[in-house]
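Reading the structure
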Amino acid sequence: MSKKIVILNGSPRKKGNTSALVSAFREGAESAGNEIAEFFLSDMDIHGCKGCFGGHSSRECPCVQKDGMADIYPKVREADVVVLASPLYYWNVSGQLKTVIDRLFALEEGDGQMLRGHDRAGALLMAAEGFGFEDSRDYFDHLMEHLQWKNLGAVLAGGNLAVGDIAGKPELKEARELGASIR
């Protein structure tokens, strides 16, 4: 049975190394018959969380802010798997991705619990110039634990300074295999 997969791509580069990981993952996931919804966050108008606790998870758009998250919320509600993809910025995920993660909190507020549990799973795809993924990996692991989602693991590709440096690296194969393993 196919799975519904949401990819939240927090890279500012459409053809960068993180996007190459996303493409490989997507190729594998589609080969396994899965349905993919990908969001390139840098092109979306998404504002930071206001911390107002005004969200209501059962509403079509659970957040009081009306922006690009209105496209993401319904897909995450339906998702079996959510993939977080990002370059490594100051030892963590990009601001674009972190903003969306913070805003997903609206699915936990109010009159329903639409985010935690629900037999969901998550995966992490990251590319970086260096290899200091420990903090971002810890963050992801804690997030999966908090959300009560199955942790499908991470593909962490270091040593990629320039656009295209990831070409031919084993992490692309790992990303493809991770996508293909989702059934």
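What counts, and at which threshold
- For every chain, the first residue of the written sequence is number 1, and numbering continues from 1 along that sequence.
- pLDDT decides what is reported in this predicted model: residues at 70 or higher carry local features, side-chain atom pairs at 80 or more are listed and counted, and totals for whole chains, interfaces and linings draw on all residues regardless.
- With hydrogens and water set aside, each side-chain value is computed from the structure's full complement of heavy atoms.
- Helix numbering and strand numbering both begin at the N terminus, where a helix is a DSSP run of H or I of at least 4 residues and a strand a DSSP run of E of at least 2.
- Each radius of gyration is computed over the set of C-alpha atoms, and the globule rule expresses the reference value as 2.2 Å times the number of residues to the power 0.38.
- Only protein chains enter the calculation, and the probe is 1.4 Å; a residue is then buried if its accessible area is under 20% of its type maximum, exposed if over 50%, and partly exposed in between.
- Residue contacts follow a heavy-atom distance rule, with two residues in contact if any of their heavy atoms lie within 4.5 Å.
- In these tables, accessible area is a Shrake-Rupley quantity obtained with a 1.4 Å probe, and a residue counts as shielded only by the protein chains included in the view.
- Whether a set of points on the 1 Å grid over the protein atoms alone is a cavity depends on a 1.4 Å probe fitting there but being unable to get out, while an open set qualifies as a pocket with protein on both sides within 12 Å along at least five of seven lines; lining residues are those with an atom within 4 Å of a point.
- Grid points are joined across faces, edges and corners, and a volume is the space filled by probe spheres set on the points.
- Polar here means any residue outside two lists: the nonpolar Ala, Val, Leu, Ile, Met, Phe, Trp, Tyr, Cys and Pro, and the charged Asp, Glu, Lys and Arg; Gly therefore counts as polar.
- Two strands qualify as a pair provided DSSP detects at least 2 bridges between them.
- Orienting the strands away from the viewer, one traces the path from the first strand over the helix to the second; a clockwise path indicates a right-handed crossover.
- To obtain each axis, a line is fitted to C-alpha atoms, and for helices this fit is confined to the stretch in contact; angles are then taken between N-to-C directions over 0 to 180 degrees.
- A 3.5 Å cut-off defines polar contacts: any pair of N or O atoms within that distance qualifies, except that in protein one atom must be a possible hydrogen donor and the other a possible acceptor, and neighbouring residues in sequence count only when both atoms are side-chain atoms.
- Aromatic contacts are taken between Phe, Tyr and Trp rings whose centres are within 6.5 Å, Trp giving its six-membered ring; a plane angle under 30 degrees counts as stacked, one over 60 as edge-to-face, and the others as tilted.

Focus: the overall build of the protein
Check the secondary structure of the protein and you find 5 helices and 5 strands. The N-to-C order of helical and strand elements in the protein reads β-α-β-α-β-α-β-α-β-α. At 16 Å, the protein has a C-alpha radius of gyration in line with the 16 Å of a compact globule built from 183 residues. Taking all 183 residues of the protein together, the buried fraction comes to 49%. Of the contacts formed within the protein by residues at least 6 apart in sequence, a portion of 76% connects residues at least 24 apart. When the accessible surface of the protein is totalled, it reaches about 8800 Å², and 50% of it is carbon and sulfur.

Notes on the layout of surface pockets
Estimated volume of the largest pocket: approximately 350 Å³. Taken together, 19 residues make up the lining of the largest pocket; nearest its centre are Pro87, Leu88, Tyr89, Ala128 and Glu129. Size it by volume and the second largest pocket reaches roughly 210 Å³. Broken down by secondary-structure element, the contributors of at least two residues to the lining of the second largest pocket are strand E3 (81–87), helix H3 (95–103) and helix H4 (134–147). Tallying contributions element by element places H4 first for the lining of the second largest pocket, with 5 residues. Grouping the amino acids of the lining of the second largest pocket by side-chain chemistry returns 11 nonpolar, 1 polar and 3 charged.

Structural notes on the pairing of strand E1 (residues 4–9)
Counting buried residues in E1 gives 5 out of 6 residues, a clear majority hidden from the surface. Summarising the sheet, E1 and strand E2 (residues 35–40) pair through 6 bridges and their orientation is parallel. Looking at the pairing, Val6 lines up with Ala37 of E2. One crossover worth recording links E1 to the parallel E2 by way of helix H1 (residues 17–31), and it is right-handed.

As for the side chain of Thr18
For Thr18, the location among the structural elements is in helix H1. Leaving out residues up to four positions away in the same chain, Thr18 has contacts with Asn9, Ser11, Ala85, Ser86, Pro87 and Ala127.

Considering the sheet that holds strand E4 (residues 121–127)
If you trace the 5 strands from one edge of the open sheet to the other, you get E2-E1-E3-E4-E5, paired in parallel fashion. Strand pairing shows two members of the sheet lacking a second neighbour, E2 and strand E5 (150–157), which therefore form its edges. Ignoring which end each strand starts from, the neighbouring axes of this sheet average 15° apart. As defined by bridge partners, E4 adjoins E5 across 6 bridges and the pair is classed as parallel. In the sheet register, Leu125 faces E5, and the bridge partner there is Val155. In the packing of H4 onto the sheet, contacts are made with E3, E4 and E5, and the angle to E5 comes to roughly 165°.

Focus on the side chain of Ser11
With respect to the helices, strands and loops of the structure, Ser11 is situated in the loop between E1 and H1. You can call Ser11 buried: its relative accessible area is 4%. A polar contact is formed between the side chain of Ser11 and the backbone nitrogen of Arg13, at a distance of 3.0 Å. When near neighbours in sequence (up to four residues on either side) are disregarded, Ser11 contacts Thr18, Ser19, Phe40, Ser42, Ala85 and Pro87.

A closer look at the packing of aromatic side chains
Applying the stated criterion across every chain yields a total of 2 aromatic pairs. Between the aromatic rings of Phe53 and Phe105, the centroid separation amounts to 5.9 Å while the plane-to-plane angle is 90°, which identifies the pairing as edge-to-face. Of this pair, Phe53 sits in the loop between E2 and helix H2 (69–78) while Phe105 is found in the loop between H3 and E4, placing the two residues 52 residues apart along the sequence. The exposure class of Phe53 is exposed, given its relative accessible area of 64%. When its relative accessible area of 34% is taken as the criterion, Phe105 is described as partly exposed. For the pair Tyr90 and Trp91, a centre-to-centre distance of 5.7 Å together with 70° between the ring planes defines the contact as edge-to-face. Assessed through its relative accessible area of 74%, Tyr90 is described here as exposed.

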